[in-house]
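Below, each chain spelled out in residue letters.
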Amino acid sequence: MILNPPTAASLDDVALRLYFTAWSSLIAIVSDFEIHVQASGYSDDDDEHDSHWAVEQQHYLDACQPELQSICTIVQQSNELALKAKLCAVSPFLLLLKTDPRLSNSGTDVDFSELRTLDAIDLPGAVNTFCPVRLSPEFITSYNLFRALRNKVTHLGSANTTFSPEDLLRKMASQYLQLWPDRTWLADWVTVESGTRLSYFHDYSYSSPYSDVFAQWPRTVAAIGKADFKRLFGFEKSRRRYRCPKCLSNAASKYPPETVECQTAFDTGTGAVHCVMCNSDWEISREKCPECSAKVMSVEEGMCLVCGYG
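Here, residues in each chain are numbered from 1, in the same order as that chain's written sequence. Whole-chain, interface and lining totals are the exception, using all residues; otherwise, since this is a predicted model, local features are given only for residues with pLDDT of at least 70 and side-chain atom pairs are given and counted only at 80 or more. Each side-chain value is worked out from all heavy atoms of the structure, with water and hydrogens disregarded.

Attention now goes to helix α4 (residues 137–156). Spanning 20 residues, α4 covers 28 Å between terminal C-alpha atoms, matching the ideal 28 Å at 1.5 Å per step. Residue exposure (1.4 Å probe, protein chains only): buried if accessible area is under 20% of the type maximum, exposed if over 50%, otherwise partly exposed. A run of H or I in DSSP becomes a helix once it reaches four residues, and a run of E becomes a strand once it reaches two; helices and strands are each numbered from the N terminus. Listing the buried residues of α4 in full gives Phe139, Ser142, Tyr143, Phe146, Arg147, Leu149, Arg150 and Val153. Following α4 by one or two positions, Gly157 adopts a phi angle in the positive range, close to 85°. Multiplying one less than the number of residues by 1.5 Å gives the expected span of a helix.

Our next topic: the pairing of strand β4 (residues 263–267). Burial within β4 is extensive, with five of its five residues counted as buried. Sheet topology places strand β3 (residues 241–243) next to β4; three bridges connect them, and they run antiparallel. If you follow Arg243 over to β4, its bridge partner there is Gln263. Here a strand pair is declared whenever DSSP counts at least two bridges between the two strands. With three bridges connecting them, β4 and strand β5 (residues 272–275) associate as antiparallel partners. Along β5, the bridge assignment pairs Ala265 with Cys275. In sequence, β4 turns back onto β5 through a hairpin of four residues, with Gly269 there showing a positive phi of about 80°.

On to the side chain of Gln216, then. The residue Gln216 is located in helix α7 (residues 209–223) in this model. By relative accessible area, which is 15% here, Gln216 ends up buried. Leaving out residues up to four positions away in the same chain, Gln216 has contacts with Ser24, Ile27, Trp189 and Glu193. Residues are treated as being in contact if the distance between any of their heavy atoms lies within 4.5 Å.

With that settled, the discussion passes to the packing of helix α5 (residues 165–179) against helix α8 (residues 226–233). Orientation of α5 relative to α8, taken along the N-to-C sense of each, is 35°, at an axis distance of 10 Å. With respect to the hand of their crossing, α5 and α8 are arranged in left-handed fashion. When α5 is examined against α8, the residues Arg170, Ala173, Ser174, Tyr176 and Leu177 are found in contact with a partner set consisting of Asp228, Arg231 and Leu232. Residue classes in the contact of α5 with α8 are distributed as four nonpolar, one polar and three charged. Interaxial angles span 0 to 180 degrees and are taken between N-to-C directions of axes, which are lines fitted to C-alpha atoms, for helices over the stretch in contact. Crossing handedness is defined as follows: a turn of the near helix away from the far one that is anticlockwise and smaller than a right angle gives a left-handed crossing, while the clockwise case is right-handed. As a working rule, the residues Ala, Val, Leu, Ile, Met, Phe, Trp, Tyr, Cys and Pro are called nonpolar, Asp, Glu, Lys and Arg charged, and the rest polar, with Gly in that last group.

Relative to the elements of secondary structure, Glu193 occurs in helix α6 (residues 185–193). Charge convention: Lys and Arg are scored as positive, Asp and Glu as negative, and His as well as the terminal groups of each chain are ignored. Here, a salt bridge means any Lys or Arg side-chain nitrogen found within 4 Å of an Asp or Glu carboxyl oxygen. Buried and unpaired, Glu193 has no salt bridge, with Arg197 as the nearest side chain of opposite charge at 9.3 Å. Leaving out residues up to four positions away in the same chain, Glu193 has contacts with Ser24, Ser199, His202, Pro209, Asp212, Val213 and Gln216.

Located in the positive-phi region is Asn4, a residue other than glycine, with phi close to 55°. Topologically, Asn4 is positioned in the loop between β1 (2–3) and α1 (8–39). At Asn279, a residue that is not glycine, the phi angle is positive and equals roughly 65°. Here Asn279 is to be found in the loop between β5 and β6 (281–285). Here Asn279 falls in the partly exposed class, since its relative accessible area comes to 41%.

The disulfide criterion used throughout: a pair of cysteine sulfur atoms within 2.5 Å. What the rule picks out here adds up to zero disulfides. Just so you know, Cys64 is unpaired, no disulfide at all, and the nearest cysteine sulfur is the one on Cys72, 15 Å from it. No disulfide involves Cys304; its sulfur sits 3.7 Å from that of Cys292, the nearest cysteine.

The strands that make up a sheet are held in pairs by hydrogen bonds between backbone atoms, and each pair lies either parallel or antiparallel. Overall, antiparallel pairing links the five strands, which are arranged β3-β4-β5-β6-β7 in an open sheet. The sheet is open, and its two edges are formed by β3 and β7 (297–298), each paired on a single side. Inspection of the sheet shows β6 paired to β7 by two bridges, in the antiparallel sense. Pairing of Ser285 across the sheet is with Met297, part of β7.

Taken together, the side chains of Val90, Leu97 and Phe130 present a nonpolar region at the surface, about 230 Å² in accessible area. For Val90, the position within the fold is in helix α2 (residues 50–90). Here Val90 falls in the partly exposed class, since its relative accessible area comes to 43%. Any residue with relative accessible area above 30% and no salt bridge may belong to a patch, with like charges joined within 9 Å and the nonpolar Val, Leu, Ile, Met, Phe, Trp and Tyr side chains within 5 Å. All accessible-area figures derive from a Shrake-Rupley calculation using a 1.4 Å probe, and residue coverage is judged against the displayed protein chains alone.

The next subject is the pairing of β6. Along any regular strand, the residues point their side chains to alternate faces of the sheet. Alternating residues of β6 divide into Trp282 and Ile284, all buried, and Asp281, Glu283 and Ser285, none buried. In this structure, β5 lies alongside β6, joined through three bridges in antiparallel fashion. Across the sheet, residue Val273 finds its bridge partner in β6, namely Trp282. As consecutive antiparallel partners, β5 and β6 are separated by five residues, and within that stretch Asn279 has a phi angle of approximately 65°, a positive value.

Below you can see the structure in the form of structure tokens.
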């Protein structure tokens, strides 16, 4: 008898944890250089130093290549587990296709984890054969690219490829849409953050998973392209964003996030704003805020959704 077959939920949980671990690592790579530049007193309008910092950034990215290669392998592992989750949603035993089962006359039980499962190269074809929703050719191309690069890193120690964190972030945004089209991107990220080692410090007084995600939100917005942003969140990237009272409360601490960091709600045009993190809707009034003069006040909370007054 085969014991402990995996479930789609358990595989997706691990796949999402790996996905957002990779995402956070890429955001950190981008932001660390920006923080270094800002600490130097450099101004975006300082033309004299443009070429200097361009060279410095390239040297920095050269130094990041080993870490970027490791992130690439994490992304591919996430992809494979997510595809296996899709197969498990039909039947976990589809993972045993094209493998030679271990047969025993003694009838000894065997744990599913001890059995060989489908090779990575076969997973997209299996999903497109047995699952109700097919993978796009664009996703399969991206998947095979990551798989080839992962194999080079795993077997040769180097992919002989120069990785760009921005390019990896763009590819990952598109991949999420294929792998988890019915899930909420920011909600998944918060869930993952609540299970990291940093969750030990989440006392909701000094920090929380919401504040951890908020700290990375502005650079995440910058990294996601317009088309993927619209597909991920349902709103145009250029559309003005507002505070969500619920998420802001969950992130409340002795060091509250800056305004730009916690704007995850969008005006729906129907007298309410919708938060793409918690999926809450907030009725708004056009009463002028006494603090910033904006006219986007939450009816229920009496809070200005621009500056947080109230």
